[in-house]
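What the coordinates show
One-letter residues, chain by chain:
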Amino acid sequence: MNNSLASFLGQPLIIGNRTIKNRLVLAPMTFLGHVAFRELVAQYGGYGLLYTEMCSARAIPNENRFVSPYFKWRDEEITRLVCQIFGGEPGIMARAARRVEAEGFFGVDINFGCANGSICRQNCGAAILKDPDLAVNIVSEVRQAVSIPLSVKFRTGWKDDPRYAVDLACSFEAAGADALIFHPRVAPDRRTRPPRWDYIALVKRAVGIPVFGNGDVFDRHDCRRIIKETGCDGVALGRMAIAKPWIFAEWSQNLKVSPEIYLEAALQLAGFLEKHYDATRAIRRFKRFAYYYAANFKFGHTLHSRLKNAADMLQIETILHQFFRTSPELVNRPNLNFFK
Ligand SMILES: Cc1cc2nc3c(=O)[nH]c(=O)nc-3n(C[C@H](O)[C@H](O)[C@H](O)COP(=O)(O)O)c2cc1C
């Protein structure tokens, strides 16, 4: 069974004018999918693409990758990295996409999924799904601006009606999108109710471009199920990839994982964060990671509350070493209290 999952995930997939070697991708996640985390994931391998955190389209043309905390990458990763942009104006989105293309990214992704209040108040992210004509205009202008693969990440919309998502998916395809990442939840739902995977199946059937299913894939069984039940072409992993940065290699290359990997990965991330960020940003990002990482352990809340109160990276390292001295018990499925 593990082999059948690995062989599905290991099949190449054509996205626009490029091909990826693997169908498991890292979903975009603000404060989590940063350059340091991606360096950790890259060390294990096994993924098809990595997505950046969402980047403001308005800011991108003037961003300096060596200063910006978000529009930041390592040269080695850029050919398998998709830059996610958010914004509410077609011209501004197109201009940002041009810079993304010029920098050499694999592709550009449009964020129509973020339901966060501060983004929606700017009429960006999922708020745009209230105005399908605007959403389609954005896709169309970005398409005309660049020739690199263009994906669109979106949610069901603001009403729990799959017809709306299916219509949007067809319009995005007609406007030139090369792939879709579909997270089948309505926009106000901050992951409290289960995602409607049956809606992914409807979207997949309605379009000819690849569809990545997304939402609540926590273990291999879920991954097999979402593929089988929806017919999706690939899977975008969010929170579970944060909890287990080696998960791409584990599922698609059958990497054998020993308990030592948990401590090693956390220490390595601390080191990569220190390399890429100043001390304040590094520790803030480590604490965000720690929330999902703690979900791996039976007594994860103890670990999390200690890490949350750490003053610096040295303390974080000490806490990690202490925690692992007692061989902490792992859980089979993550503690979902951490995953809200
Ligand atoms: C902390 C956090 C930050 C996120 N940031 C983004 C983002 O910047 N852009 C985006 O399209 N989705 C974002 N998402 C949504 C994820 O990409 C994904 O759709 C969601 O977590 C469901 O997938 P999962 O169940 O595998 O985590 C974020 C999710 C979380 C938990």
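Description of the structure in this document. (Residues numbered from 1 in each chain as written. Predicted model: local features only at pLDDT ≥ 70, side-chain atom pairs only at ≥ 80, totals over all residues.)

1. Considering the site of the ligand
Stated precisely, the cut-off is as follows: The C-beta atom of each residue is placed using the backbone, and any residue whose C-beta lies within 6 Å of a molecule or strand is treated as near it. Helix and strand definitions here come from DSSP, where helices need a minimum of 4 consecutive H or I residues and strands a minimum of 2 consecutive E residues; each element is numbered from the N-terminal end. Charged residues are taken to be Asp, Glu, Lys and Arg, nonpolar residues to be Ala, Val, Leu, Ile, Met, Phe, Trp, Tyr, Cys and Pro, and polar residues to be all remaining types, Gly included.
Taken together, 21 residues are adjacent to the ligand, and Ala27, Pro28, Met54, Gly238 and Arg239 come closest. For the shell around the ligand, the elements supplying multiple residues, two or more each, are strand E4 (49-56) and helix H9 (239-243). Each residue belonging to the shell around the ligand can be placed in one class, and the counts come to 9 nonpolar, 8 polar and 4 charged.

2. Looking at the sheet that holds strand E10 (residues 234-237)
Where we set the bar: Two strands form a pair only when DSSP identifies at least two bridges running between them. Geometry is summarised by axes, namely lines fitted to C-alpha atoms with helices restricted to the contacting stretch, and by angles between N-to-C directions that run from 0 to 180 degrees. Contact between two residues is assigned when their C-beta atoms, built from the backbone, lie within 7 Å.
In spatial order, the strands read E3-E4-E5-E6-E7-E8-E9-E10; together these 8 strands close into a barrel with parallel pairing. In this sheet, neighbouring strand axes are inclined to one another by 30° on average, regardless of whether the strands run parallel or antiparallel. Bridge count for strand E8 (residues 179-186) against strand E9 (residues 211-214) is 3 bridges, and the pairing is parallel. When the bridges of E9 are listed, Leu180 appears paired with Val211. Each of strand E7 (150-157), E8 and E9 touches helix H7 (residues 197-206); the most contacted strand, E8, lies at about 145° to it.

3. Here we look at the nonpolar core
Most often, soluble globular proteins have nonpolar side chains that are buried together. Operational definition: Think of a nonpolar core as buried Ala, Val, Leu, Ile, Met, Phe, Trp, Tyr and Cys residues chained together by C-beta atoms that fall within 7 Å. Here a residue counts as buried when 20 or more other C-beta atoms fall within 10 Å of its C-beta, as exposed when 12 or fewer do, and as partly exposed in between; the C-beta atoms come from the backbone. A domain assignment, automatic or from a database, supplies the domain bounds used here.
By size, the foremost hydrophobic cluster in this structure holds 110 residues, and its most contacted members are Ile85, Ala97, Val108, Val142, Leu180, Val235 and Leu237. Counting residues per element, this core draws most heavily on helix H12 (residues 279-293), which supplies 7 residues. Structurally, this core is a two-domain feature, drawing no fewer than three residues from each of domain 1 (2-252) and domain 2 (260-339).

4. Re the packing of H7 against helix H8 (residues 220-230)
How we decide: To sort the angles, those under 35 degrees are grouped as roughly parallel, those over 145 as roughly antiparallel, those from 65 to 115 as roughly perpendicular, and the leftovers as oblique. In this scheme, a crossing is called left-handed if the near helix is turned counterclockwise away from the far one by less than a right angle; it is called right-handed if the turn is clockwise.
At a closest axis distance of 8 Å, the pairing of H7 and H8 adopts a crossing angle of 45°. Between H7 and H8, the crossing angle belongs to the class labelled oblique. Relative to H8, the crossing made by H7 is right-handed. The residues of H8 that touch H7, namely those facing Trp197, Ile200, Ala201 and Lys204, are Ile226, Glu229 and Thr230. Split by residue class, the contact of H7 with H8 holds 4 nonpolar, 1 polar and 2 charged.

5. Digging into the pairing of E8
Within a regular strand, side chains alternate between the sheet's two faces. For the record, the criterion: Consider the strands pointing away from the viewer: the crossover is right-handed when the path from the first strand over the helix to the second runs clockwise.
Within E8, 7 of the 8 residues are buried, leaving the element largely enclosed by the surrounding structure. Strand direction decides the pairing type here: E7 and E8, joined by 6 bridges, are parallel. Within E8, the position partnered with Phe154 by the bridge is Phe182. Each parallel crossover has a hand, and the one from E7 via helix H6 (residues 162-174) to E8 is right-handed. In the classification by handedness, the crossover that spans E8, the intervening H7 and the parallel E9 is right-handed.

6. Section: helix H14 (residues 313-325)
Heads up, the condition is: Each helix should span, by expectation, one fewer than its residue count multiplied by 1.5 Å. By arc we mean the arc of the directions from the helix axis to the C-beta atoms, nothing more.
The terminal C-alpha atoms of H14, which comprises 13 residues, lie 18 Å apart, in line with the 18 Å expected from a rise of 1.5 Å per residue. Buried within H14 are the following residues: Ile316, Leu320 and Phe323. Viewed along the axis of H14, the buried residues span an arc of 65°, placing them on a single side of the element. Of the exposed residues in H14, the ones pointing more than 90 degrees away from its buried face are Leu314, His321, Gln322 and Arg325. In this fold, the buried residues of H14 make contact with helix H11 (260-276), H12 and helix H13 (300-308). Phi turns positive, to about 45°, at Ser327, one or two residues after H14.

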